[in-house]
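Observations on chain architecture
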Amino acid sequence: MLDGLGRSIDYLRVSITDRCNLRCVYCMPCEGVEWVDHSAVLSYEELIRLCRLFAELGVTRVRLTGGEPLVRRDLDRIVRGIRAIPGIRAVTLTTNGVLLSEQLPGLLDAGLSGVNLSLDTLDRDQFQAITRRDMLPAALAGLNAALAAPGLNVKLNCVPMGDNDAQLAPLAALARDHDMAVRFIELMPIGLGSSLPRRTEAQVLEILEAAYGPARPTGWAGGAGPGRYVTFEGFRGRVGFISAMTHQFCDQCNRVRLTATGFLKTCLQYEAGVDLKSLLAGGVDDGALRAAMEDAVRRKPAAHHFTEGRGDADERRNMNQIGG
Ligand code: SAM
Ligand code: SF4
């Protein structure tokens, strides 16, 4: 499916819950989170129906996110259901990893193709400071389980915020020791991320080159996303940068997002899109749903304006509701 500017949209990110077992400082408040009512969250049947319609419109890859997708009880059923949709070639997961080691066998059996694990530090105290939970050992068990799974595509995502500068080289070293991608994601001014310090791609690269010598570009495209990848002498894997702030990639954007409450979001920064859950509740047929999806995608914004301050049409949700 093409948007109004001719960009091909073949990648869907689905937030399957707003709930989470961590409280990362850039994503959720420490206390007083107001959860969406269960009845407002897309059911299994609604998710599968919408994914089937997206596949009919040309989506080939679906990433499940949240909140924390592993806290949703029917996750393996969702993976299996989406994997069975004609046209879907990959179903992947973005997770904090805390519950991954126990659930991975079932998810692999259901057809999971890849895992992106979010981890900003290997230091237990700092992990607790960033996530407000003392759960680093469980997250590392999840990472190790994913790395041990044959054929599973594993990436690690880290948000550099200054406080974790000393952790960037040790995290990158995971790509030295394993055939995986370690990616550094520039903090975006969305929700709680608006008021925190951040590091740029150039600053992170400087830290990594001081530790590992000059970075070499790789031809690797890294799957469905906008990452740019380099490697260092002696590394088995790759180091990636997703730099929405300093290397805007909107002209190549290939994705749309479905929130946990069934809102089709066409750009991370803006509230633009369509409330598919309301249409489902109204009992519309597949043709009307497809038309609403196509119409929203046609009006997908050209680009974000993160560096220009906030505007009236900007997203007001926190990341746990959008899915990152
Ligand atoms: N709970 C899962 C996890 O943490 O991987 C999935 C949801 S989380 C919202 C998805 C990703 O968004 C995580 O990698 C997280 O680091 C990232 N994220 C959250 N807020 C962000 C922000 N303001 N800027 C950049 N990335 C952010
Ligand atoms: Fe939870 Fe992920 Fe948000 Fe952290 S980034 S609070 S793990 S949803």
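For the structure, check the block above.
Below is a summary of the structure that appears in this document. Every residue gets a number counted from 1 within its own chain, in the order that chain's sequence is written. Throughout, the order in which chains and ligands are written sets their labels, letters from A for the former and numbers from 1 for the latter. With the structure being a predicted model, the display of local features is reserved for residues of pLDDT at least 70 and the display and counting of side-chain atom pairs for 80 or more, all residues being used for whole-chain, interface and lining totals. As a rule here, side-chain values cover all heavy atoms of the structure and leave hydrogens and water aside.

1. Description of the site of ligand 2
In the region of ligand 2, the neighbouring residues are Cys20, Leu22, Arg23, Cys24, Cys27, Met28, Gly67 and Asn96. Note on residue categories: nonpolar means Ala, Val, Leu, Ile, Met, Phe, Trp, Tyr, Cys or Pro, charged means Asp, Glu, Lys or Arg, and polar means any other residue, Gly included. For the shell around ligand 2, the residue count by class is 5 nonpolar, 2 polar and 1 charged. Nearness is defined per residue: one heavy atom within 4 Å of the molecule or strand is enough.

2. Quick notes on the pairing of strand β10 (residues 255-258)
Regular strands place side chains that alternate from one sheet face to the opposite one. The side-chain alternation of β10 yields two buried faces, one formed by Arg255 and Arg257 and the other by Val256 and Leu258. Sheet topology note: the strand β1 (residues 11-15)/β10 ladder contains 4 bridges and is parallel. In the strand pairing of β10, valine 14 is matched with leucine 258. Bridge analysis of β10 against strand β11 (residues 263-265) gives 2 bridges, and the strand direction is antiparallel. Bridge pairing in β11 links leucine 258 to leucine 264. What makes two strands pair is DSSP finding at least two bridges between them. Counting from the N terminus, the helices are DSSP H or I runs at least four residues long and the strands are E runs at least two residues long. With antiparallel pairing between neighbouring strands as the criterion, β10 and β11 make up a hairpin whose turn holds 4 residues, including glycine 262 at a positive phi of roughly 80 degrees. Residue exposure (1.4 Å probe, protein chains only): buried if accessible area is under 20% of the type maximum, exposed if over 50%, otherwise partly exposed.

3. Focus: helix α4 (residues 124-131)
Those residues of α4 that sit buried are Gln126, Phe127, Ile130 and Thr131. The buried residues of α4 occupy an angular sector of 115 degrees when projected down its axis, which confines them to one face. Turned more than 90 degrees from where α4 packs its buried face, Asp125 and Ala129 sit exposed. Where α4 is buried, its residues meet α5 (136-148) and α6 (165-177). Of the residues flanking the start of α4, the one acting as N-cap is aspartate 123, its side-chain oxygen 3.2 Å from the backbone nitrogen of aspartate 125. Positive backbone phi, approximately 60 degrees, marks arginine 132, located one or two places after α4. Here, the arc refers to the directions that run from the helix axis to the C-beta atoms. Any two residues having at least one pair of non-hydrogen atoms within 4.5 Å are treated as being in contact. We call two N or O atoms a polar contact when they sit within 3.5 Å, provided that within protein one can donate a hydrogen and the other can accept it, with sequence-adjacent residues counted only if both atoms are side-chain atoms.

4. Some thoughts on the site of ligand 1
Taken together, 18 residues sit near ligand 1, with Gly67, Glu68, Ser118, Met188 and Met319 positioned nearest. In this structure, a nitrogen atom belonging to ligand 1 sits 2.9 Å away from a main-chain N or O atom of glycine 67. Throughout, the Shrake-Rupley method with a 1.4 Å probe supplies accessible areas, and for residues the shown protein chains are the sole cover considered. Burial of ligand 1 by the protein chains amounts to 94% of its free accessible area of 540 Å². Its residues assigned to classes, the shell around ligand 1 comprises 6 nonpolar, 10 polar and 2 charged.

5. Overview of the pattern of salt bridges
In what follows, salt bridge is the name for a side-chain nitrogen of Lys or Arg lying within 4 Å of a carboxyl oxygen of Asp or Glu. The final tally for this structure, using the stated rule, is 17 salt bridges. The residue glutamate 45 makes a salt bridge to arginine 77 at a minimum N-O spacing of 3.7 Å. With a gap of 32 residues between them, glutamate 45 in helix α1 (residues 44-56) and arginine 77 in helix α2 (residues 75-83) connect regions that are remote in the sequence. One salt bridge in this structure joins aspartate 295 and arginine 298, with 3.8 Å as the shortest N-O distance. Of the two residues, aspartate 295 and arginine 298 are both situated in helix α9 (residues 286-298); the distance of 3 residues between them amounts to about one turn of the helix. Among the charged side chains, a salt-bridge network with shared partners connects Arg49, Arg52, Glu56, Asp286 and Arg290.

6. Considering the nonpolar core
Phe54, Leu64, Ile82, Phe184, Val239 and Leu276 are the most contacted members of the largest nonpolar core, which totals 92 residues. It is α1 that provides the largest number of residues to this core, a total of 8 residues. Filtering out sequence-adjacent residues up to four positions away, phenylalanine 184 remains in contact with Cys158, Pro160, Leu168, Ala172, Val204, Leu208, Val239, Gly240, Phe241 and Ile242. Within this scheme, the nonpolar core is defined by two criteria: the residues are buried Ala, Val, Leu, Ile, Met, Phe, Trp, Tyr or Cys, and they are joined through side-chain atoms within 4.5 Å.

7. Structural notes on the side chain of asparagine 96
Looking at where asparagine 96 falls in the secondary structure, it is placed in the loop between β3 (90-95) and α3 (100-110). For asparagine 96, the side chain forms a polar contact with the side chain of asparagine 21, separated by 2.9 Å. Leave out the neighbours within four places in its chain, and asparagine 96 touches Cys20, Asn21, Leu22, Glu68, Leu117, Ser118 and Ala139.

8. Some points on the packing of aromatic side chains
In this scheme Phe, Tyr and Trp rings, the latter by its six-membered ring, pair at centre separations within 6.5 Å, and the angle between planes marks the pair as stacked below 30 degrees, edge-to-face above 60, and tilted otherwise. Tallied over the full model, the rule gives 4 aromatic pairs. Between phenylalanine 184 and phenylalanine 241, the aromatic rings sit 6.2 Å apart at their centres with planes inclined by 35 degrees, giving tilted as the arrangement. Of this pair, phenylalanine 184 sits in strand β6 (residues 181-185) while phenylalanine 241 is found in strand β9 (residues 238-242), placing the two residues 57 residues apart along the sequence. On the basis of relative accessibility, which here comes to 3%, the residue phenylalanine 241 falls in the buried class. Taking 5.3 Å as the distance between ring centres and 55 degrees as the angle between the ring planes, the aromatic pair formed by phenylalanine 232 and phenylalanine 235 counts as tilted. For the residue pair phenylalanine 232 and phenylalanine 235, the accessibility class agrees, reading buried in each case. Aromatic ring contacts, followed pair by pair, group Tyr212, Phe232 and Phe235 into a single cluster.

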